[in-house]
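# Commentary on secondary and tertiary structure
Read off the chains here:
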Amino acid sequence: MSGVDSKLFVISGPSGAGKGTLVARVRERMPELGLTVSATTREPRAGEVDGVNYYFISEEAFSTKVEQGEFVEWAQVHDHRYGTLVSEVESKLAAGHSLILEIDVQGALNVKKRFPDAVLVFIEPPSLEVLEQRLVGRGTESAESLSIRLANARHELEFADAYDVRVVNDDLEQATRELATILSTYERN
Ligand code: ADP
Ligand code: 5GP
């Protein structure tokens with residue numbers, strides 16, 4: 001079939017692999033792509049804005065949303081809970097645009113069960129050493145949070161084979177072009 005259909009893209013990969021950076025760069029080139037804003041119980045980092053980066057909510061509010069079925073999926077990731085809101089997915093897909101969910105591996109596999117046509121994209125760092133350098137360089141994590149994220153990275157990388165496509169984020173421009181090509185190819189097919 002020719003033409004462009006709205007698709008659900010799920011982007012995962014270890015913390016520090018460059019998901020946020022790549023998604024922002026691809027959206028500059030493909031501004032019609034929507035991005036869901038997840039809810040989380042973690043504290044905002046410097047510069048993060050409630051309702052833009054995440055909906056930052058309390059543990060209690062998160063539990064209420066779980067009980068009321070407000071999440072497409074949710075998971076405990078590192079040391080906090082994160083979830084994709086049904087309202088975000090429905091309103092953004094209804095607008096007729098493709099949508100990116102930037103979520104962890106557990107969430108990605110749950111989304112695939114619920115939406116079998118979702119396209120799962122795994123972003124990999126060139127190595128664990130580079131991953132560590134990037135996370136340290138980002139300067140957002142405490143020593144404790146850094147070590148949890150690095151320990152979890154090894155486990156997350158084992159899920160890469162379950163994804164439809166993998167992108168190694170070594171050279172940023174090359175990885176951006178690769179990701180943009182993947183998304184537009186799936187939109188046309
Ligand atoms: P994630 O969203 O996967 O946790 P980020 O997008 O925050 O990762 O990237 C982690 C850090 O690595 C950031 O400081 C970002 O600027 C940097 N970074 C991302 N991609 C590259 C790349 N290809 N080369 C060098 N640094 C990168
Ligand atoms: P961070 O704290 O670095 O923003 O995100 C930590 C991890 O949580 C990342 O792997 C990110 O993809 C994941 N994450 C963010 N939002 C969601 C969500 O709604 N659901 C799930 N399952 N994971 C999420």
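Small disclaimer: the values here were computed from a predicted structure and weren't measured.

Secondary structure assignment for the protein chain yields seven helices and nine strands. Computed over its C-alpha atoms, the radius of gyration of the protein chain comes to 16 Å, within 12% of the 16 Å expected for a compact globule of 189 residues. Dimensions of the protein chain along its principal axes, counting C-alpha atoms only, are 50 × 40 × 30 Å. Counting the 189 residues in the protein chain, one finds 45% classified as buried.

Time to look at the packing of aromatic side chains. Applying the stated criterion to the full structure yields five aromatic pairs. Ring geometry for Phe62 versus Trp74: centroids 5.9 Å apart, planes at 75 degrees, classification edge-to-face. With Phe62 in helix H2 (residues 59–67) and Trp74 in strand S5 (residues 71–77), this residue pair connects regions lying twelve residues apart in the sequence. Look at Phe62 and you get buried, because its relative accessible area is 0%. Here Trp74 falls in the partly exposed class, since its relative accessible area comes to 36%. Here Phe122 and Tyr163 contribute two aromatic rings whose centre-to-centre distance is 5.0 Å and whose plane-to-plane angle is 70 degrees, an arrangement assigned as edge-to-face. A residue pair is termed long-range when its members are at least 10 positions apart, and Phe122 in strand S8 (residues 119–124) and Tyr163 in the loop between helix H6 (143–157) and strand S9 (165–168) qualify at 41 residues. Looking at Phe122, the relative accessible area reads 0%, which means it is buried.

Here we take up the site of ligand 2. The local shell around ligand 2 holds 17 residues, among which Ser38, Arg42, Tyr54, Tyr82 and Asp104 are the closest. Between ligand 2 and Gly83, the relevant distance is 3.2 Å, taken from an oxygen atom to a main-chain nitrogen or oxygen of the residue. One nitrogen or oxygen atom from the side chain of Asp104 is found 2.7 Å from a nitrogen atom belonging to ligand 2. Those elements that place two or more of their residues in the shell around ligand 2 are S5 and strand S6 (80–85).

In an α-helix, one turn spans 3.6 residues; hence positions three or four apart end up facing the same way. Buried within helix H3 (residues 86–94) we find Val86, Glu88 and Val89. All buried residues of H3 project into a common sector of 165 degrees when viewed along the axis, lining one side. Summarising the geometry of H3, the exposed residues directed more than 90 degrees from the buried face are Glu90 and Ala94. Against strand S2 (34–35), strand S4 (55–56), S5, S6, strand S7 (99–102) and helix H4 (105–114) lie the buried residues of H3. Phi for Gly96, located one or two positions after H3, is positive at around 85 degrees.

Moving on, we come to the site of ligand 1. What surrounds ligand 1 is a group of 13 residues, the closest being Gly16, Lys19, Thr21, Arg138 and Asn169. At 3.3 Å from an oxygen atom of ligand 1 is found a main-chain nitrogen or oxygen belonging to Ala17. The separation between an oxygen atom of ligand 1 and a polar side-chain atom of Arg138 is 2.8 Å. Compared with its free state, where it exposes 560 Å², ligand 1 has 73% of that area covered by protein. With three residues, the single largest contributor to the shell around ligand 1 is helix H1 (residues 19–29). Its residues assigned to classes, the shell around ligand 1 shows three nonpolar, six polar and four charged.

Tracing the chain through its elements places Ser63 in helix H2. Between the C-alpha atom of Ser63 and that of Arg81, which follows or precedes it by 18 residues, the distance is 9.7 Å.

How each quantity is defined
- Residues numbered from 1 in each chain as written.
- Chains lettered and ligands numbered in written order.
- Predicted model: local features only at pLDDT ≥ 70, side-chain atom pairs only at ≥ 80, totals over all residues.
- Heavy atoms only, no water.
- Helix = DSSP H or I, 4+ residues; strand = E, 2+ residues; numbered from the N terminus.
- Rg over C-alpha atoms; globule rule 2.2 N^0.38 Å.
- Buried < 20%, exposed > 50% of the residue type's maximum accessible area, 1.4 Å probe, protein only.
- Phe/Tyr/Trp six-rings, centres within 6.5 Å; stacked < 30°, edge-to-face > 60°.
- Near = heavy atom within 4 Å.
- Polar contact = N/O pair within 3.5 Å; in protein donor to acceptor, adjacent residues only side chain to side chain.
- Arc of directions from axis to C-beta.
- Contact = heavy atoms within 4.5 Å.
- Areas by Shrake-Rupley, 256 points an atom, 1.4 Å probe, with all protein chains shown as cover.
- Nonpolar A, V, L, I, M, F, W, Y, C, P; charged D, E, K, R; others polar.

These figures capture arrangement, not role.
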